[in-house]
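The chain contents come next:
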Amino acid sequence: MAAAAAAEGEGEGKEVTGAMVSAGFAELERQQQLLASCTRLYQQLSDHFGALERGLAARSDALRHRRRAFDARTHRALDALHRREASIDGSVSRALDHLRTLKPDAAPSGDAASLAESLRALCARMDSAAFMDLVVARRKEADALRAEVPPALKCCVDPAKFVMDAVADVFPVDRREAKTPADLAWACVLILEAAVPALADPDPEIGAARPLVPRAARDRARAMAREWKEAAERKGGVEGAKPPDAHAFLQHVATFAVAEREDRPLYRRIVVSFSWRRQMPRLALTLGLEEEMPDIIEELIAKRQQLDAVNFAYEAGLQEKFPPVPLLKSYLEDSKKTSSTASDNSSTSSGQSGSNVNKKEQAALRAVIKCVEDRKLEAEFPLDDLRKELEELEKARTEKKKAASSASSGGCSGPANKRIRASNGGPMPPAKAGRLTNNACVSSFPAPTTFARSPSHTSYATTSPSHTSYATASPSHTSYANTSPSHTSYATASPYPYDRPAGHGLYCNQSPPMIREPYVYPGKEVATVGIGMPYSTPPMSYPAPYGGYANGMGAYNNGMAPAFHQAYYR
C-alpha cells in the first residue's frame, strides 16, 4: 500500500507534455496500420485458399464424372465383348451360309440390264476393275449407286479384298498411267462408304461395331493408310490435300477399323480442315474423337463456322451445351457482314463482284433454312423472314441479269467500219492504206484517173453538189486530157492540195457510194510517187466510147501512167 501510494504521488508530480501525446498517437497509428495490413493479408490468403478449394472441388467432380463415364464405357465394352465372344459361332455359321448361297452370276447383256444386276454380277465374279469402271461410268447416277452398291458388295466372297482392289489404282496414290478422268476420289469414298454394311457383323446386335475384316486385309489397310499419310506430308501436309482425297483417307480408316490412337491429332486436323463435308461429324465419332468433340465445336465457332458447329453438336449429342439457334443467328450476321464488306470493297455493285456477293448471301440463307428444317427447329427459329429475304435476293439477281442482257443487246451487233464492195462491180478499196498507223491521212479509196470528154458526150464525170471540178491537175502531172484535137480538155485547177476529183471515173455520171472528206498529203510525199515508165495498158479498163482508154496509151499524151499514192503499191 505504501509503494502504491508512493507511485501515485510520483505520477501526480510528473507533468504530461505535448511530445508525449504526439508519440502516443504515432504509436496508435502504427498499430492501426499493422492491424489493417494483417487484415488485408488474411483476406488475400482466405481468397487464395478458397479458390484452391473450389478448383480442387471442381476438378474432383470432373474426375468423378469422367470416372463414372469410363466405368460405364468399360462395362458396355465388356458386355459387348462378352456378347461378341458368345456370338462368334453364330456369326461364323451365318457367314458360311451366306457364302453357300453365293453363285457366280452370268454377266448381263444388252442395254436393258439394270444397274443392280450389273453390280451384283461383277461382285459375284470378284471383278474389281470392271466394278470400278462401272461406278465411274455411272457417276451421274450417284443416288442409285449409293442404294445399289452396298447390297451388291454383300455378294462378294471377300468384300474387304474386293474393295481394296477396286480402289488400289487411285488410293492411296494415283497409279494410273493415263489420269483420265482426273479425279476419282469421289468413287473411292462412295465404295468405301458402301463397304461398311457389307463388312458388318451378321449378328444384328453387333452389326457395324465389329467389321469382319481378315487379319491380312487389315494389315493391308494399315499399309495403305500409312502410304497416304507419307504422300500427304511430302506434298506439304494434310491441310493442303484435296477434300475428296482427305475424305477418302478418313473413310478408309473407319471402314476397315484401322484407326490408331497416336494418329488422333492427325484425324482431328483433317476433320477441322474439312468440317463442311457432310460425313465429317460421323467420321469424327467413328475414329475415336468423341472426347474431343467439345473442343472441336469451340474451335469451329472461333473460326466462324457456326453452321458446321451445329452439325457436330447434333452428331455428338451436345446441342444442349451448344444451342443451335444462337449459333445459326450468329452465322447469318457474320455472312451479312462479310457480304457488306465485299460490296464496299468492290469497284461497282452491278458488276461481277456484286453478283458474287448476291450468290453468297443466297447460299448462306439456303444453308440455314435447310439446317433448321433438318433439325426441326422451326418453332425456335421461324423461317418466314428468311424465305422472304431469299426471294428478294433472287428477284434482284434476276432483274440485274435482265438489265445486263438488254444493255448488251441494245448496241450494234454488226462489225464496225466494214469495207463494202461497190454495187456495180467496182474494185475493192485498198485495206492496207486504211491500216497505216504512221500516215493518218491515207484514204481508203484509190485516187481516180482523169479523162477527157468526147464531143459526142456532154459529161462523163460529174461532181457531187459540193464539188465543181471535172478533172484536176496533179502537182506531179501536167495534163492527162490532151489526147487528140477532137477532144477538149477540161483540166482545171483542183481546189484541194492533192489530186482528188469529186467523182471516180468508174461511176461515170453517178456519185460514188461514199464521198470521203478531202485528204491533205504532204507535198514531199506526193512528189515522189510517180513512176516514170510507160504502161502497156492502163491499170483500169474503160468502155470504148471513152476516147481510147482501153487501147494502150492513146489517151495519155504525156506517156506516163497516172500517179497513185505509195500505199497502193505496198
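Described below are features of the structure shown in this document. Remember, it's a predicted structure, so these values are computed and weren't measured experimentally.

Scoring rules and cut-offs
- Residues numbered from 1 in each chain as written.
- Predicted model: local features only at pLDDT ≥ 70, side-chain atom pairs only at ≥ 80, totals over all residues.
- Heavy atoms only, no water.
- Helix = DSSP H or I, 4+ residues; strand = E, 2+ residues; numbered from the N terminus.
- Buried < 20%, exposed > 50% of the residue type's maximum accessible area, 1.4 Å probe, protein only.
- Contact = heavy atoms within 4.5 Å.
- Areas by Shrake-Rupley, 256 points an atom, 1.4 Å probe, with all protein chains shown as cover.
- Patch = residues over 30% accessible without salt bridge, like charges linked within 9 Å, V, L, I, M, F, W, Y side chains within 5 Å.
- Salt bridge = Lys/Arg side-chain N within 4 Å of Asp/Glu carboxyl O.
- Core = buried A, V, L, I, M, F, W, Y, C linked by side-chain atoms within 4.5 Å.
- Axes fitted to C-alpha atoms, helices over the stretch in contact; angles between N-to-C directions.
- Parallel < 35°, antiparallel > 145°, perpendicular 65-115°, else oblique.
- Left-handed = near helix turned anticlockwise from the far one by under 90°.
- Nonpolar A, V, L, I, M, F, W, Y, C, P; charged D, E, K, R; others polar.

Quick look at the overall build of the protein chain now. Looking only at helices and strands, the protein chain features 18 helices and two strands. Burial statistics for the protein chain: of 570 residues in total, 35% are counted as buried. Considering only contacts in the protein chain between residues 6 or more positions apart, those separated by 24 or more positions represent 66%. Here the protein chain displays about 34600 Å² of accessible surface, and carbon together with sulfur accounts for 55% of that area.

Together, Val16, Met20, Val21, Phe25 and Leu28 make up a nonpolar patch on the protein surface, roughly 520 Å² of accessible area in all. Looking at the secondary structure, you find Val16 in the loop between helix H1 (2–13) and helix H2 (18–101). When its relative accessible area of 66% is taken as the criterion, Val16 is described as exposed.

Phe131, Leu153, Phe249 and Phe256 are the most contacted members of the largest nonpolar core, which totals 90 residues. For this core, the element with the most residues is helix H7 (residues 185–199), which contributes 11 residues. Excluding its chain neighbours within four sequence positions, the residues that come into contact with Leu153 are Cys123, Phe131, Pro159, Phe162, Val163, Ile191, Ala194, Ala195 and Ala198.

The next point concerns the packing of helix H9 (residues 243–255) against helix H10 (residues 264–273). Relative orientation of the contacting elements H9 and H10 amounts to 135°, with a least axis distance of 10 Å. Judged by the angle between their axes, H9 and H10 are oblique. Pair H9 / H10 crosses with left-handed handedness. Every residue of H10 that contacts H9 at Ala246, Phe249, Leu250 and Val253 is listed here: Leu266, Tyr267, Ile270 and Val271. The residue makeup of the contact of H9 with H10, split by class, is eight nonpolar, no polar and no charged.

A few words on the packing of helix H3 (residues 115–124) against helix H4 (residues 128–137). Where H3 meets H4, the closest approach of the two axes is 8 Å, and the angle between their N-to-C directions is 155°. Regarding the angle of H3 to H4, the classification is roughly antiparallel. Here H3 runs over H4; the crossing is left-handed. Judged by residue contacts, Leu115, Ser118, Leu119, Leu122 and Cys123 of H3 engage Ala130, Phe131 and Leu134 from H4. Here the contact of H3 with H4 is built from residues that sort into seven nonpolar, one polar and no charged.

With that settled, consider the pattern of salt bridges. Taken as a whole and assessed by the stated rule, the structure comprises 21 salt bridges. A salt bridge links Lys229 to Asp263; its shortest N-O distance comes to 2.7 Å. Taken together, the residues span a long stretch of sequence, with Lys229 in helix H8 (residues 215–234) and Asp263 in the loop between H9 and H10 at a distance of 34 residues. Relative accessible area serves as the criterion here: at 13%, Asp263 is assigned to the buried category. For Glu292, the salt bridge is made with Arg268, and the minimal N-O distance between the two is 3.5 Å. Within this pair, whereas Glu292 is found in the loop between helix H11 (280–286) and helix H12 (293–302), its partner Arg268 is found in helix H10, the two being separated by 24 residues in sequence.

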